[in-house]
Each structure stands twice: as C-alpha cells, then as structure tokens.
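Now for the letters of each chain:
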Protein chains: 2
Amino acid sequence: MTDRPAHVVPVDLAKAYRLINHGPTVLVSAAHGGRRNVMAAAWNMPLDFAPPKVAVVIDRKTYTRELIEASGELVLCVPTRAQIEAVSQVGSTSGRGLDQATDKFEAAGLTTFRGDQVAAPLVEGCVAWLECKLLPEPEMAQRYDLFLAEVVAAWADSRVFDGGHWRPIDAAHSTLHHVAGGVFFTLGEPVKSRDGD
Amino acid sequence: MTDRPAHVVPVDLAKAYRLINHGPTVLVSAAHGGRRNVMAAAWNMPLDFAPPKVAVVIDRKTYTRELIEASGELVLCVPTRAQIEAVSQVGSTSGRGLDQATDKFEAAGLTTFRGDQVAAPLVEGCVAWLECKLLPEPEMAQRYDLFLAEVVAAWADSRVFDGGHWRPIDAAHSTLHHVAGGVFFTLGEPVKSRDGD
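Not measured: the values here are computed from a predicted model.

Peer 1: Explain the overall build of chain A to me, and be specific about the residues and the numbers.
Peer 2: Looking only at helices and strands, chain A has four helices and 14 strands in total. Its C-alpha atoms give chain A a radius of gyration of 16 Å, within 12% of the compact-globule value 16 Å for 197 residues. Viewed in the frame of its principal axes, chain A has a C-alpha envelope of about 50 × 35 × 35 Å. Expressed as a percentage of its 197 residues, the buried residues of chain A come to 57%. Pairs at least 24 residues apart make up 69% of the contacts formed inside chain A by residues separated by at least 6 positions. Total accessible area on chain A stands at roughly 7800 Å², and carbon and sulfur atoms take up 50% of it. Distance between charge centroids for chain A: 2 Å, based on 19 positive and 24 negative side chains.

And the structure:
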C-alpha cells in the first residue's frame, strides 16, 4: 500500500454524494487485524447529504462483510471501464482462505493506497473513493444485508472530478453500471434540464 | 389514467432488479384516498433478488411520502432522456396544495396508466416500472428517510427491455442518472467482462 497519488484530491464532504449519485457499481474494501479484502457492489446509494451517509447491500456470506463488521469501517471505490476485468473478478470470487501475501487485491491485479480516516485500502485507478464508518444498525444487516455508513473522507481523481463536478469523461474512465452477468453500461454524454443550475 | 399500452410487458420478478441495477434516477408515484403524486429519486437501489425488494430515500417533507405511508404502496418508474424536463420539474416542485384536476402529473405533462397490483399510477413513456408494497420499517423511515419495499409486479417497454435483458438503447430512450442540479449522465455503450455470461 502506497501513499496517496498526487492526482487524488479531497472532495468537500457536502458534495461527496455526487461521486455515486449517478448509480455506479462500486468496489467495497475493508481491513481488520492484518487482513484485507475487496468485493463489488452494484447495490449502493447515497443516504444523506450532510453529514454524508451511504447505504450498501453486502451479502452475509462475504469475507468483506466479516472485516467490515469487525472493524466498523469500509471504503467505497468507484472503478472505471479500464478496470472491468478486475471488477468482475472481485465480484465473482471470494477472498476467504487466500493468504496475506497473495490476497484478493493481488489476485485481481489491484494495487492500493492509504486512506486518511480508515484502515481499509483505496484501490488505485478508481476515480473516486468514500471512506466510511459504519452506523450501528445490526437489525438492518441481519434482516436485509443492508449496511448504512457515514462518509468521513472523500477523494476523487482530479482529472475526472474536480471542484464538486464531473469533468468530461473519456471512454476508459467511464464509471461502470452493472446490469447482470458481467454486462455493464458505461456512461454516455451528460444532459442538462432547462432549469438546471 | 388509461389501460396498459401494448408495448408494456411483464418482467419476471426474479429479473426485476435488472431494471434499476445500473443506477437510474426513478420517478416515485403514490396514490391514496383519491389523491396521487409523483417525485424524482436518484437515491434508490435493489435490495434483494427473490422476492425482489428495493430501497429508496424519500424526504420527510414530500407529499409523495404522505401518500406512500398512508397507502403502503408505491411505484418506481424508470424515465428516459426524452422526459428530462418532466423529471426535473417533478423533482423540484411539490404537489402539495395542487387540486385534483391539475395535479403534479398534469402540471408536468405526464400521462399515466393503471398497474396490476397497486393503486399508484405508472407514468407513460418510462421504460420500466416496479409496483411495490412497503415493508414495515418505520424506524428506518423516521431516522434516515429510508423506505424498503417488496416488488410485487414489474413491467418494461419491450422495445427497450425484453426477455430479462436490456436491448440496444437509442439516445432518446437512455435512462437518466442524476449528478446534481439538473445535470444527468445518459447511458453509453454496454461492455462485457471476459467471464460474463
């Protein structure tokens, strides 16, 4: 795990929701007790503006969930089209039982850098990252696999998102929007309503 | 409110999640006691496959929420780029205080048709519809404005989604993915991972 790259800049927490408001599939990372893991989650959404909160569905059989529940922390990373094979791989395999030298990040060719507020790693090559602390709602987790969390730090690749706004995005840096079975939509052009600000 | 148009076909409930899995902004409609209303909600996601469930954030000041809580029912409609002005209008105005003759649908130029399982209307011109019954989680609503619901019927425009899969989508029929302030991403081309089925 390296230090934060220079192109990764902080995002004002009040605008952090904009990093996932358009519905991208995310990578969820977690770490606890010297172990770490990562999975894919299409089922995520903002839950509040300020303080920013998110909701994400995390299946009870996943190893990532064990680490999230043990640490109380997670990171949502927003991957790109260039990472489709890694997203698909971490979305369809388990990190349980892998050793620390070759964990699930390594197996998928994903490198990471350190966050600021949580121990869970941030995946390099993504365009946005939300460092989160779990909100204690164990009944929601038990009943629906639903996790709620507060965003305590947010980062973006300044070449793709800066000053609270997405910049024009080339094909390789499009976010991924999973439909099913390894098929994703990419982003097309942005459009604006007449009364948009 | 008219009968269901011929191009609107039922979607297998086990595949209903695919209608919103890619993160579109939806219209939320509700009806109760002879009144009806509609709002926009970017903060929605699937919550389960079978029986299908969804989660959606609905602000406590909205009139739609009053009707959802009174009726226990709602419909998520997936609008298109061609409807951007109506989506923006119902997303930024309240239906409270409008009369029944000129309600919020009428004011935004939206026509509707009848669903099969709930009284809330389905908005014409959308490409998908999820008829839902509320799951009783009043603490989640109170604490987070978060509503969970079971999908009891699902429909799609067969020209856009058929047999459980999205078909090639022309620009006008792209779903809308709200960023902020009336700016939306549209969909680009679909991409598939090597191990996608």
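Peer 1: Tell me about the relation of the copies chain B and chain A, and please be specific about residues and values.
Peer 2: It takes a turn of 180° to lay chain B on chain A, together with a shift of 0.0 Å along the axis; the resulting RMSD is 0.0 Å. Taken together, the rotation and translation relating the two chain copies correspond to the operation of a two-fold axis. In this assembly, 100% of the residues forming the interface of chain B have copies in chain A that are likewise at the interface, indicating an isologous arrangement.

Peer 1: Lay out the packing of aromatic side chains in plain terms, naming residues and giving numbers.
Peer 2: Two aromatic rings are characterised by how far apart their centres lie and by the angle between their planes. Using the criterion set out here, one finds 12 aromatic pairs over all chains in the structure. Considering the side-chain rings of Phe113(B) and Trp129(B), the 5.2 Å spacing of their centres and the 75° angle between planes classify their relative orientation as edge-to-face. Pair noted here: Phe113(B) is in strand 7 (residues 112-113) and Trp129(B) is in strand 9 (residues 128-134), with a separation of 16 residues, a long-range link. Judged by its relative accessible area of 0%, Phe113(B) is buried. Under the relative-accessibility criterion, Trp129(B) is labelled buried at 0%. Of the aromatic side chains, those joined through ring pairs into one cluster are Tyr17(A), Phe49(A) and Trp43(B).

Peer 1: Would you mind going over empty space enclosed by the protein in detail, with residue names and values included?
Peer 2: This structure, assessed with the given rule, holds two cavities of 30 Å³ or more. Roughly 90 Å³ of volume is contained in the largest cavity. Forming the boundary of the largest cavity are 16 residues, of which Gly23(A), Asn44(A), Met45(A), Gly23(B) and Asn44(B) lie nearest the centre. Elements represented by at least two residues in the lining of the largest cavity include exactly strand 4 (44-48) of chain A together with strand 4 (44-49) of chain B. Residue composition of the lining of the largest cavity, by class: nine nonpolar, seven polar and no charged. Quantified by volume, the second largest cavity comes out at close to 40 Å³. Taken together, Ala16(B), Tyr17(B), Ile20(B), Pro46(B), Asp48(B), Pro52(B), Lys53(B), Val54(B), Leu130(B) and Val151(B) form the lining of the second largest cavity. If you list the elements that add at least two residues to the lining of the second largest cavity, you get strand 4 and strand 5 (52-57) of chain B. No other element matches the three residues that strand 5 of chain B contributes to the lining of the second largest cavity.

Peer 1: Tell me about the environment of Met39(A), and name the residues and values.
Peer 2: All names here are of chain A. When you line up the elements, Met 39 lands in strand 3 (residues 35-41). Accessibility expressed as a relative area gives 9% for Met 39, which makes it buried. With 52 residues separating them in the primary sequence, Met 39 and Gly 91 have C-alpha atoms 5.4 Å apart. Setting aside residues no more than four positions away along its own chain, Met 39 makes contact with Val 26, Leu 27, Val 28, Ile 58, Thr 62, Thr 64, Val 90 and Lys 104.

Peer 1: Go over helix 2 (residues 84-92) of chain B, please, and point to the residues and values.
Peer 2: When we look at burial in helix 2 of chain B, the residues that qualify are Ile84(B), Ala86(B), Val87(B), Ser88(B) and Val90(B). Residues of helix 2 of chain B that are buried in the fold lie against strand 14 (183-192) of chain A together with strand 2 (26-32), strand 3 (35-41), helix 3 (104-107) and strand 14 (183-192) of chain B.

Peer 1: Outline the sheet that holds strand 13 (residues 177-180) of chain A, listing residues and values.
Peer 2: Two pairing modes exist for strands in a sheet, parallel and antiparallel, and in both the strands are linked by backbone hydrogen bonds. The strand order 13(A)-14(A)-14(B)-13(B) describes an open sheet built from four strands, whose pairing is antiparallel. Each end of this open sheet is capped by a strand with a single partner; those strands are strand 13 of chain A together with strand 13 (177-180) of chain B. With direction set aside, neighbouring strand axes in the sheet form an average angle of 40°. Pairing between strand 13 of chain A and strand 14 of chain A: three bridges, direction antiparallel.

Peer 1: Now, about the interface of chain B and chain A: what can you tell me, with residues and values included?
Peer 2: Listed by partner, the interface residues are 53 residues for chain B and 53 residues for chain A. Of the roughly 4700 Å² buried between chain B and chain A on both sides combined, carbon and sulfur atoms contribute 60%. The largest per-residue losses of area from chain B upon contact with chain A belong to Trp43(B), Phe185(B) and Val191(B), which jointly make up 17% of the total buried on that side. Inspection of the chain B/chain A interface yields five salt bridges. Salt-bridge contacts for Glu189(B) lead to Arg81(A); the nearest nitrogen and oxygen are separated by 2.8 Å.

Peer 1: Kindly report on helix 1 (residues 63-71) of chain B, identifying the contributing residues and their values.
Peer 2: All names here are of chain B. Those residues of helix 1 that sit buried are Tyr 63, Thr 64, Arg 65, Leu 67 and Ile 68. At its buried positions, helix 1 is contacted by strand 2, strand 3, strand 6 (73-78), strand 9, helix 4 (138-144) and strand 10 (146-157). In this structure Thr 62 caps helix 1, since a side-chain oxygen of it lies 3.2 Å from the backbone nitrogen of Arg 65. Immediately downstream of helix 1, the backbone of Gly 72 shows phi near 75°, a positive value.

Peer 1: Tell me what's going on with the environment of Val9(B), and back it up with residues and numbers.
Peer 2: Residues and elements named next belong to chain B. Counting through the fold element by element, Val 9 comes out in strand 1 (residues 8-10). For the pair Val 9 and Ala 156, spaced 147 residues apart in sequence, the C-alpha separation works out to 5.5 Å. Not counting chain neighbours up to four residues away, the residues in contact with Val 9 comprise Ala 154, Trp 155, Ala 156, Ser 158 and Asp 162.

Conventions adopted
- Residues numbered from 1 in each chain as written.
- Chains lettered and ligands numbered in written order.
- Predicted model: local features only at pLDDT ≥ 70, side-chain atom pairs only at ≥ 80, totals over all residues.
- Heavy atoms only, no water.
- Helix = DSSP H or I, 4+ residues; strand = E, 2+ residues; numbered from the N terminus.
- Rg over C-alpha atoms; globule rule 2.2 N^0.38 Å.
- Buried < 20%, exposed > 50% of the residue type's maximum accessible area, 1.4 Å probe, protein only.
- Contact = heavy atoms within 4.5 Å.
- Areas by Shrake-Rupley, 256 points an atom, 1.4 Å probe, with all protein chains shown as cover.
- Lys, Arg positive; Asp, Glu negative; His and termini not counted.
- Charge placed at Lys NZ, Arg CZ, Asp CG, Glu CD.
- Least-squares fit on C-alpha atoms with pLDDT ≥ 70 in both.
- Phe/Tyr/Trp six-rings, centres within 6.5 Å; stacked < 30°, edge-to-face > 60°.
- 1 Å grid on protein atoms, 1.4 Å probe; cavity = no way out; pocket = protein on both sides within 12 Å on 5 of 7 lines; lining within 4 Å.
- Points joined across faces, edges and corners; volume = space filled by probe spheres on them.
- Nonpolar A, V, L, I, M, F, W, Y, C, P; charged D, E, K, R; others polar.
- Pairing = 2+ DSSP bridges.
- Axes fitted to C-alpha atoms, helices over the stretch in contact; angles between N-to-C directions.
- Buried area = accessible area lost by both parts, 1.4 Å probe.
- Salt bridge = Lys/Arg side-chain N within 4 Å of Asp/Glu carboxyl O.
- Polar contact = N/O pair within 3.5 Å; in protein donor to acceptor, adjacent residues only side chain to side chain.

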